[in-house]
Amino acid sequence: FGPNFLAKEGYLGFEYQGFNRFRDEEYFEVVNPRVYRTFTPKVFLVKEQTAKELATPQIEVEIISPTEHRIKVAGASSDFVLNFGQSYNNGWKAYFVDNDIRLSILSKLFPGKFFKQVDDSLHFSLNGYSNAWLIDKTGDYEIRIIYVPQNLFYVGLLVTSVALPVFVILLIFLRKRKYVAEN
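Just so you know, these numbers come straight off a predicted model, no measurement behind them.

Undergrad: Help me understand the overall build of the protein chain, please; the structure alone is not making it clear to me.
TA: Along the backbone of the protein chain there are 3 helices and 8 strands. Among the 183 residues that make up the protein chain, the fraction classed as buried is 20%. Pairs at least 24 apart in sequence give 63% of the contacts found in the protein chain among residues at least 6 apart. Carbon together with sulfur atoms contributes 57% to the accessible area of the protein chain, which is approximately 15,400 Å² in total.

Undergrad: Is there a simple way to think about the packing of aromatic side chains in this case?
TA: Each aromatic ring pair is described using two quantities: the centre-to-centre distance and the angle formed by the ring planes. For the coordinates displayed, the defined rule picks out 5 aromatic pairs. Taken together, a centroid distance of 4.8 Å and an interplanar angle of 65° make the contact between Phe 84 and Trp 92 edge-to-face. Its relative accessible area of 6% is what places Trp 92 among the buried residues. Residues Phe 84 and Trp 133 carry aromatic rings whose centres are separated by 6.3 Å and whose planes lie at 50° to one another, so their mutual orientation is tilted. One end of the pair, Phe 84, is in strand S3 (residues 80–87); the other, Trp 133, is in strand S7 (residues 130–135), with 49 residues separating them in the sequence.

Undergrad: Sorry, what's going on with the sheet that holds strand S4 (residues 92–97) here?
TA: Pairing between sheet strands relies on hydrogen bonds along the backbone, with the strands arranged either parallel or antiparallel. Taken together, the 5 strands give an open sheet; going across it, the order is S1-S2-S8-S4-S5, and neighbouring strands pair in antiparallel fashion. Strand pairing shows two members of the sheet lacking a second neighbour, strand S1 (58–65) and strand S5 (116–117), which therefore form its edges. Both S1 and strand S2 (residues 68–76) contribute to a ladder of 7 bridges, which runs antiparallel. Its bridge partner lying in S2, Val 61 is registered against Ile 71.

Undergrad: In this structure, what is going on with the nonpolar core? I would like to understand it.
TA: For soluble globular proteins, the rule of thumb is that nonpolar side chains tend to be buried together. Residues Trp 133, Ile 135, Tyr 141, Ile 143 and Ile 145 are the most contacted members of the largest nonpolar core, which totals 16 residues. Mapped onto this core, the elements with two or more residues apiece are S2, S3, S4, S7 and strand S8 (139–147). Residues in contact with Tyr 141, not counting those within four places in the same chain, are Ile 71, Lys 72, Val 73, Ala 76, Phe 80, Phe 96 and Ile 135.

Cut-offs applied
Residues numbered from 1 in each chain as written. Predicted model: local features only at pLDDT ≥ 70, side-chain atom pairs only at ≥ 80, totals over all residues. Heavy atoms only, no water. Helix = DSSP H or I, 4+ residues; strand = E, 2+ residues; numbered from the N terminus. Buried < 20%, exposed > 50% of the residue type's maximum accessible area, 1.4 Å probe, protein only. Contact = heavy atoms within 4.5 Å. Areas by Shrake-Rupley, 256 points an atom, 1.4 Å probe, with all protein chains shown as cover. Phe/Tyr/Trp six-rings, centres within 6.5 Å; stacked < 30°, edge-to-face > 60°. Pairing = 2+ DSSP bridges. Core = buried A, V, L, I, M, F, W, Y, C linked by side-chain atoms within 4.5 Å.

Quick look at the structure:
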């Protein structure tokens, strides 16, 4: 509800599923309503400068998994916006991949240790929903976009896969030892 600030009256309508507005007995009354004025500041910072057209390089996308995408960039001559059509989430991270580094399980689990991350200040929401990065690198290169929280699941799975057999072997060993001690 956002009335005109010069309005002397305002109306609020309530609706719920199954409400029939043509039957008087289904109308309801709001008793002792309270109206509070809220202040939502709108601040706009404007830097005057001439518009700069961003050139778009050739981009090739390979979906490795739902949580990892490989982007090959060719011919980037200036900054450009990389729009990633997934719902915006801070968990999505973009990394520059050095072609000299051999990809391994560790580089997939801990990409920040092996690849240079695109600065988080260059990650923003585009069109009100999607992830986007301002890429400020020129030339030909590869970018990996990874949903990092998924890596926590993989690490947990790895720890469980190692710990479970160890505990089972330990349990068998202790039971066998107890059995031998009793006989």
